[in-house]
Every structure is written in C-alpha cells, then in structure tokens.
Amino acid sequence: MTPAQTQHHTGDHFPMARVGEGHRHASGPRIPDDMTVEVALSLMAGARVDHLVLCDGDDQSTGLVTLAWLAGLRDSPAYTDRVRLRDVLAGPPEGLALAG
C-alpha cells in the first residue's frame, strides 16, 4: 500500500492579492514581486500551496497572492506569459481583468 500525501491548506483563503501592513508576518513560500505569474503558478503547484508571500527587493513582505487569483489572471484574454506579479498588485493593467 502506498501512503497518501496530504496537503496542508490554511483555513483562511485569500481571494485575491493583498498588500499591506497586515501581511508582513504571513507564512508560506516567499517570492520576489518581479516573478512572472506563470513561474508563480508553477512554484505553487510544486510546493502544493494555495498562496505565496510576495517580497520586495529588501526581502520585506509586501502582500499575498493566491492560486485562484493568479489562475483568474491567466485566464484573461489579454494575459501574456510576461506579466509580472508587481504589475498586477495594484490592479490588473488595462485590458487585463480577471476572467469570469
């Protein structure tokens, strides 16, 4: 018999990117905010997590992004694989809106 792998998910699901003082001490994989959405999604899949902690150039936490939010961005008709997380933190650029 092969043991089943379990995934740990926090009870608090973050519906979208959040930036601000309240997330400075959030736990989870820390990534730079200049990472592309595609790379972030790949990292989430590999790490089996539903959110990532964004960090600036000084390694200070600047917010969180969730799998659902990034997948919604990727499904937008204006999305390209060059979109970086920092480009969408304040809101998607014109023409790049969440699908649905």
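Everything below is about the structure shown above.
Residues numbered from 1 in each chain as written. Predicted model: local features only at pLDDT ≥ 70, side-chain atom pairs only at ≥ 80, totals over all residues. Heavy atoms only, no water.

Caption draft 1: Region of the structure containing the pattern of salt bridges. Summed over all chains, the structure comprises two salt bridges. A salt bridge links R30 to D59; the shortest N-O distance between them is 3.6 Å. Of this pair, R30 sits in strand β2 (residues 30-32) while D59 is found in the loop between β3 (51-55) and β4 (61-66), placing the two residues 29 residues apart along the sequence. You can call R30 partly exposed: its relative accessible area is 41%. With relative accessibility at 48%, the residue D59 sits in the partly exposed group. Note that R86 and D33 form a salt bridge whose closest N and O atoms lie 3.0 Å from each other. Placement of R86 in helix α3 (residues 85-88) and of D33 in the loop between β2 and α1 (37-47) is noted, with a sequence separation of 53 residues between them. (Salt bridge = Lys/Arg side-chain N within 4 Å of Asp/Glu carboxyl O. Helix = DSSP H or I, 4+ residues; strand = E, 2+ residues; numbered from the N terminus. Buried < 20%, exposed > 50% of the residue type's maximum accessible area, 1.4 Å probe, protein only.)

Caption draft 2: Region of the structure containing the environment of L54. Looking at where L54 falls in the secondary structure, it is placed in strand β3. Expressed as a C-alpha distance, the spacing of L54 and L85, which sit 31 residues apart in the sequence, is 8.5 Å. Beyond its immediate chain neighbours, meaning those up to four positions away, L54 contacts I31, P32, D33, Q60, S61, T62, G63, V65, L85 and L89. (Contact = heavy atoms within 4.5 Å.)

Caption draft 3: Up close: helix α2 (residues 67-74). By the burial criterion, the buried members of α2 are W69, L70, G72 and L73. In a view along the axis of α2, the buried residues occupy a sector of 155°, so they form one face of it. Where the residues of α2 are buried, they touch α1, β4 and α3. (Arc of directions from axis to C-beta.)

Caption draft 4: Representation of the pairing of β3 within the structure. Where burial is concerned, most of β3 is hidden: five out of the five residues are buried. Strand direction decides the pairing type here: β2 and β3, joined by three bridges, are parallel. Note on β3: the bridge partner recorded for P32 is C55. One crossover worth recording links β2 to the parallel β3 by way of α1, and it is right-handed. Bridge count for β3 against β4 is five bridges, and the pairing is antiparallel. Each residue of the ladder has a partner; that of L54, found in β4, is G63. Counting the residues that bridge the hairpin from β3 to β4 gives five residues, and of these D59 lies at a positive phi of roughly 60°. (Pairing = 2+ DSSP bridges. Right-handed = clockwise from strand over helix to strand, strands pointing away.)

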